[in-house]
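Spelled out, the chains give:
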Amino acid sequence: MANVPVDVPGAVPSNLDGSSSDQGLSPVSSQATARSSTAATSEVSAAGHESGELPASQSVDLAADVSNEKSSSAHSKSPNRRGRIMLVNAVDTDECRIAILSQGILEEFYIERGSNDLHVGNIYKGRVTNVEPAIQAAFIDFGINKNGFLHISDLHPQYFPKHLQQHWHKTTLNAASQPAGAATDSSLPPPESLPDAPTDDLLEPAGDSEEVPDLLSVENDHIAPMEKVGRKTPRSSRPPIQQCLRRGQEVIVQVTKEGIGTKGPSLTSYVSVPGRYLVMMPGMSQLGVSRKVVDDQQRRQMKQVLQEINPPKNLGFIIRTAGADKSADELKADLLQLLARWRDISQRIEAQASPALLYEESDLLTRTMRDLDIEGIERVIVDNPTMLDRIGVFLSSVAASSHRSLELFSEATPLFSRYGVEHELERINSRHVEMASGGSLVFDSTEALVAVDVNSGRYREHRDAEMTAFKVNQEAVREICRQLKLRDLGGVIVIDFIDMREERHKRDIENLLRDELKKDRAKTKVLRMSQFCMVEMTRQRMKPSLKRSIYMDCPHCLGAGLIKNPESVSLDVLRRIAAAAMHSKVAALEVKVYTAVADYLLNKKRRELLDAEDRANRKVNIVADEQIAGDAVVITATDARGVDLRLAL
């Protein structure tokens, strides 16, 4: 491969959908993971990036000061183990896979298939089908085969009774008109943090010294701003849901978690639309800064820049971590795109009847490039020319001056095999995970809980059992956090560490676990280690795990992983034969079982089978069937004329 320098356009969009900074994106886009070559080319042309499909031997170098062609041998002999590498595998148009490697080790993995309908992030106009006061929730029909679950804690105050709406709206407006640091209405209960909002540090809106430009003027009649960004009405202060919603009522909802098992998707009426640098939150007032930004000086700078762009006061905005160190012009461009999206959503709310899709989240490639810390990526390697063009447009806009190469992979060996990712994927789908020291981890998952067991295995470097346990647990913490991200496990997680006696070692493991989880973009909460060296934690789950996306339940064991052995099935057959013989109309019985069970019955249980025939005075025929489940038993009873009897046997 060779890195050929190209001219980077000066004005390109900050997204992968090909829209310019002064035009909004259509909120409804195709959810297929791999776009057609024609569609991608038109997207790039609309952005002013006139690059066609690159030859297989070429790649794009995004460094602004690169002027010479680099040697291809440096990249084709062995994978680069320095820095972070992003691999995009999209040769198969039905599947897109993205892997992030750090020092040659798989750090993050994402997969999306065209056959999988994902709904997280989508905004719908739904209709209430049922209100359940017992669980303080409502079920919403929003256009898919399962109704969504909307809890009272996720219900926006605009759906509260009218007298409460007026109170919230008046309080919010008064708070927005007060200067920074002024007290709010003390009659309201103390608000709590939004569970899905990335900030707890609020900003007051910019002053009214300048008239807001028409370009930033947005009508927001559909979701009135009744709460502050990052602040939410406490559960105890909310009215009963039966006073807020009624059957048949239309509501605007957003999917926060995919349905898992028999459960439907989780919904919220707190709508948010993400951009590259900002998150727009209709129905909120004031501005906020991401909670992940902890440096006080940086937070003050971000506040100042956010105030300079003077966004509309009837919409809430949060500046993301990607917006740190960005200029006011860059934030303003992102703001204009978000406002255009909201105008389109508002038009759809008025024009379409429920249930209807109002806004569709972007595909995997767009989401990953938008949400990923792209500044830490040194190389992006893609095996699909169409995807290469789309990524090139995005990287040119957000990091044109940084030394980052975008390469088209053209070797005969598949991309993921070339960099050892396929082997890692087999490992993360395994129940048993070996660690470098000789220890091991065992992952067992249920619908609502994940259990992780830590074993010392062959690790024997220390003669002291306490130190051995501590060292293995240290290594286990790092590997567990990595596996949780790669497998996308969520819900309640219980980790059974090797027993340690010293409290300082227990606290060290706790602190290390919390530090490692800070690298995870999913929200987590960790409890203290128990005296049995077990840690309980929760991890945000928005969709089924990676394993559920790839595997299906075994039709024989139905996902249990176990079936009865031939002896147990044989004993069950003998009992059922005795029960069936009690029916007076039964003249003969045919028992269909798996081959191994039939062999066991006809050999080791032959005497018992003959005795059962003699006692019942019925003929019993054993039939071996290789297509039947290993522990399945199908008994057919017939009368004296050979007619099948429909009996529950």
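Scope of this entry: the structure provided in the associated data block. (Residues numbered from 1 in each chain as written. Predicted model: local features only at pLDDT ≥ 70, side-chain atom pairs only at ≥ 80, totals over all residues. Heavy atoms only, no water.)

1. Re the overall build of the protein chain
For the protein chain, the helix and strand inventory stands at 15 helices and 30 strands. The proportion of buried residues among the 649 residues of the protein chain is 49%. In the protein chain, once contacts between residues fewer than 6 apart in sequence are set aside, the share between residues at least 24 apart is 75%. Carbon and sulfur atoms make up 49% of the accessible area of the protein chain, which amounts to about 31,300 Å² in all. (Helix = DSSP H or I, 4+ residues; strand = E, 2+ residues; numbered from the N terminus. Buried < 20%, exposed > 50% of the residue type's maximum accessible area, 1.4 Å probe, protein only. Contact = heavy atoms within 4.5 Å. Areas by Shrake-Rupley, 256 points an atom, 1.4 Å probe, with all protein chains shown as cover.)

2. Quick look at the pairing of strand β6 (residues 123-132)
Here five bridges tie β6 to strand β11 (residues 250-257), and the two strands are oriented antiparallel to one another. Note on β11: the bridge partner recorded for Tyr 124 is Val 253. With three bridges connecting them, β6 and strand β18 (residues 356-359) associate as antiparallel partners. Looking at β18, one finds that Tyr 124 is bridged to Leu 357. Both β6 and strand β7 (residues 137-141) contribute to a ladder of five bridges, which runs antiparallel. Paired with Val 131 across the bridge in β7 is Ala 138. Between the end of β6 and the start of β7, which pair antiparallel, lie four residues, with Gln 136 showing a positive phi angle near 50°. (Pairing = 2+ DSSP bridges.)

3. What about the pairing of strand β23 (residues 449-455)?
Where burial is concerned, the two faces of β23 differ: the one with Val 450, Val 452 and Val 454 is buried and the one with Leu 449, Ala 451, Asp 453 and Asn 455 is not. Relative to β23, strand β22 (residues 440-445) runs antiparallel, the two being bridged by six bridges. Within the sheet, the bridge partner assigned to Ser 445 lies in β23 and is Val 450. Hairpin remark: β22 followed by β23, antiparallel, with three residues in the connecting loop. Bridge count for β23 against strand β24 (residues 491-496) is five bridges, and the pairing is parallel. Bridge pairing links Val 452 to Ile 495 in β24.

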